[in-house]
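# Survey of secondary and tertiary structure
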Amino acid sequence: AQTVTQSQPEMSVQEAETVTLSCTYDTSESDYYLFWYKQPPSRQMILVIRQEAYKQQNATENRFSVNFQKAAKSFSLKISDSQLGDAAMYFCAYRKLQGAQKLVFGQGTRLTINP
Amino acid sequence: DTAVSQTPKYLVTQMGNDKSIKCEQNLGHDTMYWYKQDSKKFLKIMFSYNNKELIINETVPNRFSPKSPDKAHLNLHINSLELGDSAVYFCASSQDLDNQETQYFGPGTRLLVL
């Protein structure tokens, strides 16, 4: 079974600084998808970024980028120029390429932005 | 123009009662899901339906019964509610089984069983 681990329950960063959230996963599949979702206090689950395992290039979305290390099964999220609105729970998630498309989530990392 | 909507947003009820949570998506997606987020914020899949057909059932107690009247709706009915059912329940949808489309989540329903 696939598992996703986020080893940092909480992180904090100064506004305008850069922070990196860690995620590791375990799978025997060679092709899959990885995601970072953000959950602000409103509870809404918002997709931040997505990475296809067959792509070597790291995904980027504005201030958000990932460091995808397939051999190490590592998928970290870097947030540059942190803003107060980035404060939220961040969840790393895994999904198989084909078949039943359930997301397997990590435990989450609570990110605090200090003004 | 809400993509995935859930009703109600909050539900407070007594142990032993039966309750339903409704989910609707207007994205034209074929696949819908229910996830449960417990008090420690851990999110776990419960069910998935594709074109009204059950495709995932993650060893959820049979007190939980999903119903999909059409592919735009996936409702969750819970019988004989227990204290441990207190959680936030999220509905989600995606294009189809094999497409790489992302899952889009509803706003969640916070269920509190007293």
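An account of the accompanying structure is given in this report. (Residues numbered from 1 in each chain as written. Chains lettered and ligands numbered in written order. Predicted model: local features only at pLDDT ≥ 70, side-chain atom pairs only at ≥ 80, totals over all residues. Heavy atoms only, no water.)

## Some details on the state of the cysteines
This model, assessed by the stated rule, comprises two disulfides over all chains. One disulfide bridge connects A:Cys23 with A:Cys92, the sulfur atoms lying 2.0 Å from each other. Disulfide A:Cys23 to A:Cys92: torsion about the S-S bond roughly -70°, handedness left-handed. Of this pair, A:Cys23 sits in the loop between β3 (19–21) and β4 (24–26) while A:Cys92 sits in strand β10 (residues 88–96), placing them 69 residues apart in sequence. On the basis of relative accessibility, which here comes to 1%, the residue A:Cys23 falls in the buried class. With its sulfur 1.8 Å from that of its partner, B:Cys23 forms a disulfide with B:Cys91. Residues B:Cys23 and B:Cys91 are joined by a disulfide whose S-S torsion is about -75°; by sign, that bridge is left-handed. Of the two residues, B:Cys23 is situated in strand β3 (residues 19–25) and B:Cys91 in strand β9 (residues 87–94); the sequence distance between them amounts to 68 residues. Classification of B:Cys91 as buried rests on a relative accessible area of 0%. (Disulfide = S-S within 2.5 Å. Helix = DSSP H or I, 4+ residues; strand = E, 2+ residues; numbered from the N terminus. Buried < 20%, exposed > 50% of the residue type's maximum accessible area, 1.4 Å probe, protein only.)

## Section: the nonpolar core
Residues A:Tyr25, A:Trp36, A:Phe75, A:Leu77 and A:Tyr90 are the most contacted members of the largest nonpolar core, which totals 26 residues. Going through the elements one at a time, β3, β5 (32–39), β6 (46–52), β8 (64–69), β9 (74–79), β10 and β12 (109–114) of chain A are the ones with two or more residues in this core. Of all the elements, β10(A) adds the most residues to this core, at four residues. Beyond its immediate sequence surroundings of up to four residues, A:Leu77 is in contact with A:Val19, A:Thr20, A:Leu21, A:Trp36, A:Val48, A:Ile49, A:Phe64, A:Ser65, A:Val66 and A:Tyr90. Counting 20 residues, the second-largest nonpolar core is a separate cluster that includes B:Val4, B:Ile21, B:Tyr89 and B:Val113. (Core = buried A, V, L, I, M, F, W, Y, C linked by side-chain atoms within 4.5 Å. Contact = heavy atoms within 4.5 Å.)

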